Amino acid sequence: MAGRTLPVAGAPGEAVGGTLASALRGGFGLLGPRHGRHALSADQVDTLALPIGDDGVVIGADAEGRPATLGVNRPTPYDIFFIGGLWTAQILALRAAATGARVAVETGRAGAWAQLAQALGVGQSGMAVHDVGRVPPQGASAGSPVLVVRDCGMRPPRGRVVSAPWQSVLTVLPYLSPVAPRLVRQARLVGVQRVSPDEAVQIGRLLGLPGADVESLPTLADGVTLWCADRDRQYVMTQATDAETGLLGTARRMD
């Protein structure tokens with residue numbers, strides 16, 4: 001090897017004196033294959049389209065088939081209110097953990113979360129299941145964001161652990177209940193799955209939905225959610241991956 005010369009990166013074919021050892025010490029490594037450069041004219045740049053969406057958890061696809069994302073890990077408090085099935089709530093928790101969040105579940109039906117908690121484990125990007133009213137302080141931070149899932153039945157008590165910077169709270173109700181107006185008022189985002197026609201009318205009043213959305217709520221398919229934030233509304237179909245189906249089964253509204 002002594003006396004071998006290396007071409008400098010960026011100058012193909014041009015030899016520079018020096019041994020291999022000295023070249024490596026100087027920051028030059030072994031060179032890979034050389035390819036021609038890709039160049040576009042100014043007119044061609046406008047034709048580029050990159051599939052980049054919002055940052056967050058991919059919760060499904062919108063009506064046009066584009067990925068729909070939910071920004072769970074935020075530097076500001078964020079409350080989500082969800083009227084729907086356990087399956088969709090668990091998919092959201094599973095995908096939040098995949099983005100690096102710790103998930104704390106407050107529930108009166110620990111058995112329904114046991115399999116998911118076992119699959120995720122504990123610690124960073126894991127899940128801990130707590131009895132109602134027994135969620136300890138989570139110590140959320142930018143490096144360790146938290147999603148608190150409150151699955152506490154039709155009349156969930158006020159939570160001891162509330163939304164905070166880097167700590168979002170997802171409150172799950174299977175159906176509309178008397179506490180819904182309070183939860184709607186404090187939520188930044190509301191998701192609604194299939195409900196009865198009477199419930200749809202009440203939800204329409206709470207959220208100020210147009211008549212077409214009120215009529216559609218009793219007909220939504222399993223896995224479809226109407227997400228509402230301020231004046232924005234979006235229907236999203238959540239479809240499980242093969243791994244998620246193996247863990248949670250297929251989409252369903254009832255549990």
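Read on for an overview of the structure. (Residues numbered from 1 in each chain as written. Predicted model: local features only at pLDDT ≥ 70, side-chain atom pairs only at ≥ 80, totals over all residues. Heavy atoms only, no water.)

### Quick word on the pairing of strand β5 (residues 78-83)
Of all six residues that make up β5, six are buried, and the element is covered over most of its length. Across the two faces of β5 the burial is the same, with Tyr78, Ile80 and Phe82 and Asp79, Phe81 and Ile83 all buried. Bridge count between β5 and strand β9 (residues 167-173): six bridges; the pairing is parallel. The residue bridging tyrosine 78 from the neighbouring strand is serine 168, located in β9. In this structure, β5 lies alongside strand β10 (residues 189-192), joined through four bridges in parallel fashion. Across the sheet, residue phenylalanine 81 finds its bridge partner in β10, namely valine 190. (Buried < 20%, exposed > 50% of the residue type's maximum accessible area, 1.4 Å probe, protein only. Helix = DSSP H or I, 4+ residues; strand = E, 2+ residues; numbered from the N terminus. Pairing = 2+ DSSP bridges.)

### As for the environment of methionine 237
Within the fold, methionine 237 resides in strand β12 (residues 232-237). Note on methionine 237: relative accessible area 30%, which makes it partly exposed. On a C-alpha basis, the gap between methionine 237 and glycine 60 in space is 5.2 Å, while along the polypeptide they are 177 residues apart. Excluding residues that lie within four positions of it along the chain, methionine 237 makes contacts with Ile59, Gly60, Ala61, Asp222, Gly223 and Val224. (Contact = heavy atoms within 4.5 Å.)

### Regarding the pairing of β9
Of all seven residues in β9, seven are buried, a share of seventy percent or more. Where strand β8 (residues 146-151) meets β9, five bridges bridge the pair, whose relative direction is parallel. Residue pairing across strands places valine 146 opposite glutamine 167, the latter belonging to β9.

Structural measurements only, silent on function.
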